[in-house]
Amino acid sequence: MASCSSLPTLSSFQEQLDYALEDAATQEDKENIVRQYLRKLDEKEDLKIPDFENGLEWLNTVGPLSLRKELLGKVVVLDFFTYCCINCMHILPDLHQLEQRYTFKDGLVVVGVHSAKFPNEKVLQNIRSAVLRYGITHPVVNDGNARLWQELEVACWPTLVLLGPRGNLLFSVVGEGHRERLFLFATAALEHYGQQGLLQDHAVGMKLLRDSLPPSILSFPGKVAVDPHSKKLAIADTGHHRVLVVTSSGQMLHCVGGPGSGRQDGDLSEALFSSPQGVFIKGNAVYVADTENHLIRKIDLSERRVTTVAGVGVQGTDKEGGSMGPQQPISSPWDVALGTAGGVEDNVLWIAMAGTHQIWALFLEDGKLPRGSGHTRGVCVRVAGSGSEENRNNAYPRKAGLAQPSGLALAPDQPWNCLFIADSESSTVRSLSLSDGAVKHVVGGERDPLNLFAFGDVDGKGVEAKLQHPLGVAWDAASGLLYVADSYNHKIKVVEPKTKQCRVLAGTGQPGDGFGAGFQQCGFNEPGGLCVAEGGKLLYVADTNNHRIKVLDLETQTVSLLPVSVEEVDSVRASHASAEVLGRAPRLPRSAPQVRMAELVVSAGQTINVLLSLALPAGTKLTEAAPSFWSLSAAGNEWILEGQSVTGHITDVSRPLSITCSVPTPPLSLDPVLTLSAWLYCCLSGGGACMMKAVSFTQPLQIHSTPKDGTIAVTLTHTF
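Thresholds, definitions, all that
- Residues numbered from 1 in each chain as written.
- Predicted model: local features only at pLDDT ≥ 70, side-chain atom pairs only at ≥ 80, totals over all residues.
- Heavy atoms only, no water.
- Helix = DSSP H or I, 4+ residues; strand = E, 2+ residues; numbered from the N terminus.
- Buried < 20%, exposed > 50% of the residue type's maximum accessible area, 1.4 Å probe, protein only.
- Contact = heavy atoms within 4.5 Å.
- Areas by Shrake-Rupley, 256 points an atom, 1.4 Å probe, with all protein chains shown as cover.
- Lys, Arg positive; Asp, Glu negative; His and termini not counted.
- Charge placed at Lys NZ, Arg CZ, Asp CG, Glu CD.
- Phe/Tyr/Trp six-rings, centres within 6.5 Å; stacked < 30°, edge-to-face > 60°.
- Lys NZ or Arg CZ within 6 Å of the ring centre and 35° of its normal.
- Pairing = 2+ DSSP bridges.
- Salt bridge = Lys/Arg side-chain N within 4 Å of Asp/Glu carboxyl O.
- pLDDT = per-residue confidence, 0-100.
- Axes fitted to C-alpha atoms, helices over the stretch in contact; angles between N-to-C directions.
- Expected span 1.5 Å × (residues − 1).
- Bend = angle between axes of the 7 residues up to and from the residue.

Draft legend 1. Broad picture of the overall build of the chain. Of the regular secondary structure elements, the chain holds six helices and 45 strands. Each of the three principal axes of the chain carries a C-alpha extent, and together these read 100 × 65 × 50 Å. Counting only residues that meet the buried cut, the chain has 58% of its 720 residues in that class. When contacts within the chain are restricted to residue pairs at least 6 apart in sequence, long-range pairs at least 24 apart make up 60% of them. By element, 48% of the accessible surface of the chain is carried by carbon and sulfur atoms, the whole surface being about 29,300 Å². Side-chain charges in the chain split into 61 positive and 75 negative, and the spacing between the mean points of these groups amounts to 3 Å.

As C-alpha cells, then:
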C-alpha cells in the first residue's frame with residue numbers, strides 16, 4: 001500500500017489546474033489546459049490507487065471488478081456516494097448522461113462506491129433497493145467499511161474520482177453541480193489515452209438488477225395521503241413514476257403517469273412524472289412533489305388535467321425564491337402539505353425542499369408568512385432554512401438550518417399551530433411555528449447543530465430519543481399525537497409533542513414484511529410516508545421497499561395490507577372485481593392461521609361437503625368492491641380436483657358456505673392432502689381501510705378404492 005496515492009497528493013497538482021480553468025476565456029482554452037495537465041501527470045508514476053478489497057459485494061455485475069484486471073485500460077469514474085444523500089442523488093443524472101455519451105467501447109466505465117453514512121445503508125439488500133429506486137445501471141460496490149474511502153482520504157459525499165487506464169489518479173470533483181467540468185475531464189482523458197493506444201474496448205460483465213425485478217402493482221411507494229371527507233387515498237407510486245388515487249378499499253379510481261418517467265402536463269392519460277414523492281389530496285385536487293423533475297404539480301380530478309404550479313423542470317440553486325411558481329426554479333421537493341398563512345384557509349402549499357435543505361411556500365391565494373411580508377397568489381418563496389445543511393434551531397426561520405427535510409405534517413390547531421418536519425439527515429423531528437416562524441427541536445439528534453451523525457434507535461424524551469433518517473410524519477389532531485416513519489430503523493414511532501416523549505409503535509427494527517400478532521412483531525422495510533385516517537383509528541403506511549401500503553388499526557393493534565387494484569374504475573362507483581381474479585390465488589401471508597385437521601377416511605364415489613363458517617372482526621363487513629374468495633388445492637395430487645370447482649366468491653359470511661368435492665378413484669394407494677384457503681377483504685362498517693384476512697385448513701385424506709355412495713360432512717370454522 002505504500003506505493004499507492006490519495007486525493008491530498010493529487011490536490012497539489014489539481015489546484016493549479018482549477019485556477020487555470022477559472023481564468024480560461026474559451027472552451028478551447030480549457031481543453032488545451034486539461035491536455036497539458038494530463039501530459040504532466042503522466043510523468044508521475046506514483047499516483048496509482050489501491051484496488052478494491054477482495055470479498056466485497058457487487059451489484060449490476062456478474063462478479064467482482066478489479067482495477068488491475070476488468071478495469072485495466074479504462075478511464076474509470078469512481079462515484080463515492082451514500083444512498084440517503086440528496087446531493088448524491090443530484091449527480092446521478094450527470095453520470096447517466098456521461099454514460100450515454102461514452103460507453104465501455106469508448107473506454108469509460110462508471111463505478112459507484114457505496115460508502116455508507118448510516119448503519120442501515122451498509123446492508124446489501126438496502127443498497128440493492130436504492131440502486132433499483134434510482135435507476136442506477138453501472139456497477140456498484142458495497143464498501144461497507146469505507147476502506148477505499150479511507151485509503152484515498154475522501155472527505156465528503158458525493159466525491160467523483162477519475163482514474164486513468166492503469167488505475168492512476170487524474171481528477172477529483174467534490175459535491176454536486178460540476179457537470180461541465182466532469183464532461184471536460186472525461187472527454188480529455190479519453191482523447192489523451194486513446195491517442196496513446198492505452199484504452200481497451202472490452203466489455204465489463206454486467207447483470208443489471210432491474211432485469212430480474214419481478215412485476216408488482218406498486219414499486220417503491222414513497223408517500224400516501226388521505227382525503228378525510230371522501231376517504232380517497234393518493235399514493236405516490238414512485239418507482240412506476242405515477243400517482244394513484246384509490247378508494248379506501250384499494251380500488252383504483254385514477255392512474256396518472258407512468259410506467260416510465262417523463263415531464264408532461266395535460267390530460268390525465270397523457271401526463272408524466274419522474275419519481276414523485278409527496279402527495280396531498282383534498283376534494284378533487286391532488287398536489288404532487290414531482291421530485292426528479294424538480295416541479296410541483298396539481299392533478300385536477302374533476303377537469304382530468306395535470307398542470308405545473310411551481311418549478312421549471314431542471315434543478316434550481318436559488319435559495320430565496322420570490323418568482324411566480326412556473327418561473328421559479330426549485331430543487332428536489334420531497335413532500336407537500338396544504339395549509340393556511342395569514343388567516344386565509346388553504347391559501348398556501350408548504351413544500352419540503354430537500355435539495356436546498358429548506359421549507360418553501362407556494363401561495364395559492366394572497367397571504368402572509370410568519371415573520372415575513374405578504375405575498376400575492378402564485379408566488380413561490382423560501383420560508384425557513386438558511387440553505388446550509390445543519391441541525392440548527394432559531395427563533396428567526398431564515399437563520400435556522402435544516403438537513404434534507406423529507407416529510408411534513410400540518411398541526412393547525414392551538415396550542416400547536418405548526419408544521420412538523422421529518423428532517424432526515426439530522427435524524428430529527430422539528431417544528432416550524434405558523435404564528436412566529438420559530439424553528440424548534442422536537443425529538444432526535446443532539447444539541448450540536450453541526451453534528452449530523454447523532455442517530456440511533458432509542459425511545460426517550462427530546463434529544464435523548466434517537467431516530468435514523470426519518471422520512472415521514474403524520475399528525476392526529478384527535479389524540480394530539482405525531483406519528484413518525486423512522487425509515488432506517490424500519491419502525492413506526494409515536495411522539496407526544498407536549499412532553500417530547502418518543503416511543504416505538506410498530507416494527508421489529510429489522511427489515512421485513514411479516515404480519516405478526518401485534519404491532520411490534522410486524523415488519524417494515526424503510527417506510528417512507530404515512531397518514532392518519534378515520535379520525536385517528538387508522539394509520540396508512542407507505543412501506544417503500546416492500547412495495548406495499550400497510551394499514552395499522554390503532555384500536556385493535558392489527559396490521560393488514562391495502563389490496564390496491566390494478567384496474568382503473570369509475571370514480572362514482574367502484575365496480576366489482578372480475579371473476580378472472582379467481583383463476584390464480586395469491587400466496588397466503590405469513591400471519592395467516594394454518595389449521596390442520598384430523599385425517600378423514602373416505603371412499604371413491606363419495607362426496608365431501610365442507611361447511612365453512614368464518615367470523616369477521618367486530619365492527620367490520622365484507623368489502624363489496626374487493627374479491628373475497630375461497631380456493632381448494634391438493635399439491636402433488638391435482639388429480640383429486642380434476643374437473644371440479646376449485647375456487648369461488650365469498651359474498652356473505654352470515655351463514656356457512658357450502659363447498660363440495662367428489663372423491664375420485666385414486667390412481668395408486670395414496671393418502672392426499674386437501675387444502676382449503678379463504679381470503680376475505682373487509683372494512684370498518686362505517687367505511688375506512690380495507691383489510692385482508694386469510695386462513696388455511698389442511699385436511700389429510702385416506703381414500704379407499706372400493707366405491708361407496710353418500711356424503712361426508714366436514715365443518716370448518718374460524719374467527720378472525
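What follows picks up the thread again.
Draft legend 2. Representation of the packing of aromatic side chains. For the structure shown, the criterion picks out 12 aromatic pairs. Both rings, one in Trp416 and one in Trp475, keep their centres 5.6 Å apart while their planes meet at 70°; by these two values the pair is edge-to-face. With a gap of 59 residues between them, Trp416 in the loop between β23 (405–411) and β24 (418–423) and Trp475 in strand β28 (residues 472–476) connect regions that are remote in the sequence. According to the relative accessible area criterion, Trp416 is partly exposed, its value standing at 24%. Each member of the aromatic cluster is reached from another via a ring pair, and the members are Phe80, Tyr83, Phe118, Trp149, Trp157, Phe453, Phe455 and Tyr488. Here the basic side chain of Lys117 rests over the ring of Phe453, its NZ or CZ set 5.0 Å away from the ring centre. We note Arg179 situated over the ring of Phe183; from NZ or CZ to the ring centre the distance is 4.4 Å.

Draft legend 3. The arrangement of the pairing of strand β30 (residues 491–496) in detail. Taken across its six residues, β30 has five buried, putting it largely inside the fold. In this structure, strand β29 (residues 481–486) lies alongside β30, joined through five bridges in antiparallel fashion. Directly across from Asp486, in β30, lies its bridge partner Lys491. Taking the residues that link successive antiparallel strands as the turn, the β29-β30 hairpin has four residues, and the phi of His490 there is positive, at about 60°. Taken together, the five bridges between β30 and strand β31 (residues 501–506) define a ladder with antiparallel strand orientation. Across the sheet, residue Val494 finds its bridge partner in β31, namely Arg503.

Draft legend 4. Spotlight on the pattern of salt bridges. Taken as a whole and assessed by the stated rule, the structure comprises 24 salt bridges. Residue Asp346 pairs with Lys282 through a salt bridge whose shortest N-O separation is 2.4 Å. Here Asp346, found in strand β18 (residues 344–353), pairs with Lys282, found in strand β12 (residues 279–282); they are 64 residues apart in sequence, far enough to count as distant. Owing to a relative accessible area of 24%, Asp346 belongs among the partly exposed residues under this scheme. Note on Lys282: relative accessible area 34%, which makes it partly exposed.

Draft legend 5. Molecular detail of unusual backbone geometry. In the segment running from Trp157 into Pro158, the intervening peptide bond is cis, with an omega of -15°. Of note, Pro158 is situated in the loop between α5 (147–152) and β5 (159–163). The omega torsion of the bond from Gly258 to Pro259 falls at -5°, within 30 degrees of zero and hence cis. Phi at Glu526 takes a positive value of approximately 50°, unusual for a residue other than glycine. You can see Glu526 is positioned in the loop between β31 and β32 (529–533).

Draft legend 6. Structural detail: the confidence of the model for the chain. In this model, the chain carries an average pLDDT of 91, and 93% of its residues clear a pLDDT of 70 or more. Taken as a whole, residues 569–584 scores under 50 in pLDDT and shows 22 contacts with residues more than four places along the chain or in a different chain.

Draft legend 7. Quick look at the sheet that holds strand β6 (residues 169–174). Taken together, the six strands give an open sheet; going across it, the order is β1-β4-β3-β2-β5-β6, and neighbouring strands pair in mixed fashion. Looking at the sheet topology across the chains shown, the edges are occupied by β1 (57–59) and β6. Put simply, the sheet's adjacent strands are angled 20° from each other on average, direction ignored. When strand β2 (residues 75–81) meets β5, the two strands line up antiparallel, connected through five bridges. Across the sheet, residue Val77 finds its bridge partner in β5, namely Leu162. Helix α4 (residues 124–134) rests against β1, β3 (108–114) and β4 (140–142) of the sheet, and its axis sits at about 15° to β1.

Draft legend 8. Structural detail: the sheet that holds strand β33 (residues 538–543). In space, the four strands of this open sheet follow the order β32-β33-β34-β35, with antiparallel pairing throughout. The two strands at the open ends of the sheet, each matched to only one other strand, are β32 and β35 (558–561). Going across the sheet, the axis of each strand differs from the next one's by a mean of 25°, ignoring polarity. With six bridges connecting them, β33 and strand β34 (residues 548–553) associate as antiparallel partners. Residue pairing for β34: Tyr540 is matched across the bridge by Val551.

Draft legend 9. Highlighting the environment of Ala465. Looking at the secondary structure, you find Ala465 in the loop between β27 (460–461) and β28. In this structure, the C-alpha to C-alpha distance between Ala465 and Gly444, residues 21 residues apart in sequence, is 5.1 Å. Beyond its immediate chain neighbours, meaning those up to four positions away, Ala465 contacts Val443, Gly444, Gly445, Val458, Asp459, Gly460 and Cys502.

Draft legend 10. Structural view of the pairing of strand β22 (residues 379–384). With six of its six residues buried, β22 lies for the most part within the structure. Across three bridges, the pairing between strand β16 (residues 321–324) and β22 is antiparallel. Across the sheet, Ser323 pairs through a bridge with Cys380, a residue of β22. As paired elements, strand β19 (residues 358–363) and β22 share four bridges and run antiparallel to each other.

Draft legend 11. Summary view of the side chain of Asp51. When you line up the elements, Asp51 lands in the loop between α2 (27–41) and β1. Although buried, Asp51 forms no salt bridge, and the nearest oppositely charged side chain, Arg68, lies 4.7 Å from it. Among all residues touching Asp51, those that are not within four sequence positions of it are Ser66, Leu67, Arg68 and Arg147.

Draft legend 12. Layout of α4. For α4, a buried count of eight out of 11 residues is recorded, marking the element as mostly surrounded by other parts of the structure. By the burial criterion, the buried members of α4 are Asn126, Ile127, Ser129, Ala130, Val131, Leu132, Arg133 and Tyr134. The inward-facing, buried residues of α4 contact β1, α3 (86–101), β3 and β4. In the stretch just after α4, Gly135 is the one whose phi turns positive, near 70°.

Draft legend 13. Just helix α1 (residues 7–23), in detail. Here α1 is 17 residues long and its end C-alpha atoms lie 24 Å apart, about the 24 Å a rise of 1.5 Å per residue gives. Along α1, the sharpest kink reaches roughly 40°, centred on Phe13. Those residues of α1 not exposed but buried are Leu7, Leu10, Gln14, Leu17 and Leu21. At its buried positions, α1 is contacted by α2, α5, β5, β6 and α6 (179–195).

Draft legend 14. Just the environment of Phe524, in detail. Summarising the element assignment, Phe524 is placed in the loop between β31 and β32. Residue classification places Phe524 among the buried residues on the basis of a relative accessible area of 0%. Sequence separation of Phe524 and Pro221 is 303 residues, and the distance between their C-alpha atoms is 13 Å. Setting aside chain neighbours within four positions, we find Phe524 in contact with His490, Ile492, Ala506, Gly507, Gln510, Pro511, Gly512, Val541, Asp543, Asn546, Lys550 and Leu552.

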